[in-house]
Amino acid sequence: MRRKLIVGNWKMHGSQQQVRQLLQDMESKAGELSEDVEIGVCPTYVHIADLVAARSSDRIMLGAQNVHAEPEGAFTGEVSAPMLADYGLHFVIVGHSERREIFGESDQLISEKFIAVQKSKMVPILCVGETLLQREAGETEEVVLRQLDVVIDAAGIEAFADSVLAYEPVWAIGTGKTASPEQAQQVHKVLREHLAKQSPDIAGAVRILYGGSVKSANSDELFAQADIDGGLVGGASLQAEEFISICKSAD
Ligand code: PEP
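Residues numbered from 1 in each chain as written. Predicted model: local features only at pLDDT ≥ 70, side-chain atom pairs only at ≥ 80, totals over all residues. Heavy atoms only, no water.

Trainee: Would you mind going over the overall build of the protein chain with me for this structure?
Mentor: Along the protein chain, the regular secondary structure elements total eleven helices and eight strands. Here the C-alpha atoms of the protein chain give a radius of gyration of 17 Å, agreeing with the 18 Å that 2.2 N^0.38 yields for 251 residues. The buried share of the protein chain, taken over its 251 residues, is 55%. Across the protein chain, the fraction of contacts at a sequence separation of at least 24, relative to all contacts at a separation of at least 6, is 72%. (Helix = DSSP H or I, 4+ residues; strand = E, 2+ residues; numbered from the N terminus. Rg over C-alpha atoms; globule rule 2.2 N^0.38 Å. Buried < 20%, exposed > 50% of the residue type's maximum accessible area, 1.4 Å probe, protein only. Contact = heavy atoms within 4.5 Å.)

Below, the structure written as structure tokens:
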């Protein structure tokens with residue numbers, strides 16, 4: 001039985017005061033949820049230390065949105081996995097489409113980041129997803145399986161026992177367009193079946209989140225799908241009440 005997981009990606013939003021308040025509001029509403037659902041949020045690097053100190057419990061896990069692949073060195077402006085692990089972070093998002101598209105991250109680099117996160121005993125949330133052009137060309141499965149295979153080849157199938165996958169169609173991120181529950185389920189099933197070819201046990205246990213304009217108005221239907229184990233939520237995670245409503249859909 002896979003426990004549902006909802007993770008908020010706060011992206012580059014919020015002042016110190018705003019993110020403190022947001023976490024506090026989420027913490028006070030999280031009491032309305034059962035322990036059956038795991039929840040987390042990923043603030044910017046600069047807010048992590050403050051939120052670790054300010055939070056009142058670890059009911060809402062904290063993660064990072066990115067990481068450098070090397071543990072230390074002359075990489076001006078970057079942050080390493082051991083540095084994030086020092087703050088007790090639970091997970092790190094790797095391969096978000098904004099990192100792939102805006103910052104030009106390759107599948108290879110993403111696999112190195114995935115390995116770096118695990119070396120520091122945190123859980124990578126590996127994002128895969130196709131663009132609209134790729135979907136329209138009928139390439140969705142080929143694209144997401146290629147993105148997944150590069151990481152399997154580099155890290156090994158066993159690494160997926162301690163990781164989370166997120167299917168995020170690029171055309172649905174921040175656009176208000178959501179994949180239909182059927183469209184999302186189809187891709188989640190393909191991803192799980194692909195992992196099952198190498199390890200049925202790992203495939204059965206790994207959580208595959210859906211991301212792309214998730215909101216409380218569509219989360220019930222999405223999370224009811226057999227292979228959707230929760231959500232990676234961008235915009236809607238910036239409002240405590242809306243985020244907790246989404247979490248309730250998974251409860
Ligand atoms: C995301 O950033 O991972 C995301 C899914 O964003 P949104 O929910 O805003 O589409």
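Now that the structure is up, let's keep going.
Trainee: Sorry, what's going on with the layout of surface pockets here?
Mentor: To locate leftover empty space, one rolls a probe as large as a water molecule over the atoms. When its volume is computed, the largest pocket comes out at roughly 450 Å³. Lys-11, Met-12, Gln-65, Arg-99 and Phe-103 are the residues nearest the centre of the largest pocket, which is lined by 15 residues in total. Counted by class, the lining of the largest pocket contains five nonpolar, six polar and four charged residues. (1 Å grid on protein atoms, 1.4 Å probe; cavity = no way out; pocket = protein on both sides within 12 Å on 5 of 7 lines; lining within 4 Å. Points joined across faces, edges and corners; volume = space filled by probe spheres on them. Nonpolar A, V, L, I, M, F, W, Y, C, P; charged D, E, K, R; others polar.)

Trainee: Would you explain the sheet that holds strand β1 (residues 4–9) in this entry?
Mentor: Either a parallel or an antiparallel arrangement is found when strands of a sheet pair, and the pairing is made through backbone hydrogen bonds. Read around the closed barrel, eight strands run β1-β2-β3-β4-β5-β6-β7-β8, paired in parallel fashion. Averaged over all pairs of adjacent strands, the angle between strand axes in this sheet comes to 30°, irrespective of strand direction. For strand β2 (residues 37–42) and strand β3 (residues 60–64), the ladder comprises three bridges, and the chain directions are parallel. Among the inter-strand pairings, Ile-39 is bridged to a residue of β3, identified as Ile-60. Sitting on the sheet, helix α7 (residues 140–155) is in contact with β5 (123–128) and β6 (164–167), with an inclination near 150° to β5. (Pairing = 2+ DSSP bridges. Axes fitted to C-alpha atoms, helices over the stretch in contact; angles between N-to-C directions.)

Trainee: Help me understand the site of the ligand, please; the structure alone is not making it clear to me.
Mentor: Taken together, 14 residues are adjacent to the ligand, and Lys-11, Glu-168, Gly-174, Ser-213 and Gly-234 come closest. Gly-174 places a polar main-chain atom, nitrogen or oxygen, 2.6 Å from an oxygen atom of the ligand. At 2.8 Å from an oxygen atom of the ligand is found a main-chain nitrogen or oxygen belonging to Gly-235. Within the complex, 96% of the 290 Å² of free accessible area of the ligand lies under protein. A per-class count over the shell around the ligand returns four nonpolar, eight polar and two charged. (Near = heavy atom within 4 Å. Polar contact = N/O pair within 3.5 Å; in protein donor to acceptor, adjacent residues only side chain to side chain. Areas by Shrake-Rupley, 256 points an atom, 1.4 Å probe, with all protein chains shown as cover.)

Trainee: Looking at this structure, how should I read the packing of helix α5 (residues 107–119) against α7?
Mentor: For any two helices packed against each other, one specifies the inter-axial angle together with the distance between the axes. It is the contact of α5 with α7, at a shortest axis distance of 9 Å, that shows an interaxial angle of 50°. The angle between the axes of α5 and α7 places the two elements in the oblique class. Considering the relative orientation of α5 and α7, their crossing is right-handed. Contact with α5, carried on its side by Asp-107, Gln-108, Ser-111, Phe-114 and Ile-115, involves Arg-146, Gln-147, Val-150, Val-151, Ala-154 and Ala-155 of α7 and no other residues of that element. Across the contact of α5 with α7, the residue classes break down as six nonpolar, three polar and two charged. (Parallel < 35°, antiparallel > 145°, perpendicular 65-115°, else oblique. Left-handed = near helix turned anticlockwise from the far one by under 90°.)

Trainee: In this structure, what is going on with the pairing of β1? I would like to understand it.
Mentor: In the case of a regular strand, side chains alternate between the two sheet surfaces. Across the six residues of β1, six count as buried, placing the element largely inside the fold. Burial along β1 is two-sided: the residues Lys-4, Ile-6 and Gly-8 and Leu-5, Val-7 and Asn-9 are all buried. By the bridge criterion, six bridges tie β1 to β2 in an arrangement that is parallel. Bridge pairing links Lys-4 to Val-37 in β2. Relative to strand β8 (residues 230–233), β1 runs parallel, the two sharing four bridges. Across the sheet, Gly-8 pairs through a bridge with Val-233, a residue of β8.

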